[in-house]
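Single-letter residue listing:
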Amino acid sequence: MSNNQNILEGLGLIEELDEQAGETITGGAQEVFTVTNKTKYDITYFVDGTSSKVQKPGQGLVWTTYKGGIIKFDTDGRKDYVVNKSYNLADGKKYEFQDDKSTAGNPYDINLYSVG
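About the criteria used
- Within each chain, residues carry numbers counting from 1 in the order of the written sequence.
- Two thresholds apply to this predicted model, a pLDDT of at least 70 for residue-level local features and 80 or more for giving and counting side-chain atom pairs, whereas whole-chain, interface and lining totals are computed over all residues.
- Each side-chain value is derived from all of the structure's non-hydrogen atoms; neither hydrogens nor water enter the calculation.
- Only Phe, Tyr and Trp rings take part, Trp by its six-membered ring, and two of them pair if their centres are within 6.5 Å. Stacked means planes under 30 degrees apart, edge-to-face means over 60, and tilted covers everything else.
- A helix here means a DSSP run of H or I that spans at least four residues, while a strand means a run of E at least two residues long, and both kinds are numbered starting from the N terminus.
- Throughout, exposure labels follow a simple rule: accessible area from a 1.4 Å probe, protein chains only, divided by the maximum for the residue type, with under 20% read as buried, over 50% as exposed, and the rest as partly exposed.
- Two conditions define a charge located above a ring, namely a distance within 6 Å from the ring centre to NZ of Lys or CZ of Arg, and an angle within 35 degrees of the ring normal.
- Think of it this way: DSSP has to see at least two bridges between two strands before they count as a pair.
- Angles shown run from 0 to 180 degrees and are taken between the N-to-C directions of axes, each axis being a line fitted to C-alpha atoms and, for helices, limited to the stretch in contact.

*Asks:* Lay out the packing of aromatic side chains in plain terms, naming residues and giving numbers.
*Replies:* One pass over the full model with this rule turns up four aromatic pairs. Residues Phe-73 and Phe-97 carry aromatic rings whose centres are separated by 5.1 Å and whose planes lie at 65° to one another, so their mutual orientation is edge-to-face. Taken together, the residues Phe-73 in strand S5 (residues 70-74) and Phe-97 in strand S7 (residues 94-99) connect sequence positions 24 residues apart. Judged on exposure class, the residue Phe-73 and its partner Phe-97 are both buried. Members of the aromatic cluster, connected to one another through ring pairs, are Tyr-45, Trp-63, Phe-73, Tyr-87 and Phe-97. The ring of Tyr-81 carries Arg-78 above its face, with NZ or CZ at 3.9 Å from the centroid.

Here it is, written out as structure tokens:
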């Protein structure tokens, strides 16, 4: 082991560089978040362009991603309507799909809310 490597290890730079290299290889920093479905609808969505997931009412899922944590979901509970919306989810947060009561005249609206 060279003297320069000993100095870098003593400063903790090797570990930091290894972590940065890991983030570069995987596409970014790890983010973990929870998504729970509090509606009466099956909700189809994607996280970071992954294949679609169908989340059943009452079901909660913990996600770990390295690509930014972008969720895209259908905001309408009816099967014959698709209205997509996207959000950038934050690491360590909890989210819930809930009925969106702010839309007058449309009881099928769904939105994603941060709850923790």
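*Asks:* Can you lay out the sheet that holds strand S1 (residues 31-37) for me, pointing to particular residues and giving the numbers?
*Replies:* Within a beta sheet, neighbouring strands are joined by backbone hydrogen bonds and run either parallel or antiparallel to one another. Across the sheet, which stays open at both edges, the four strands sit in the order S4-S1-S7-S8 with mixed pairing between neighbours. Edge positions in the sheet fall to strand S4 (60-65) and strand S8 (110-114), since each of these pairs with one other strand and no more. This sheet shows a mean twist of 25° between the axes of neighbouring strands, independent of strand direction.

These results come straight from atomic positions and should not be treated as a statement about function.
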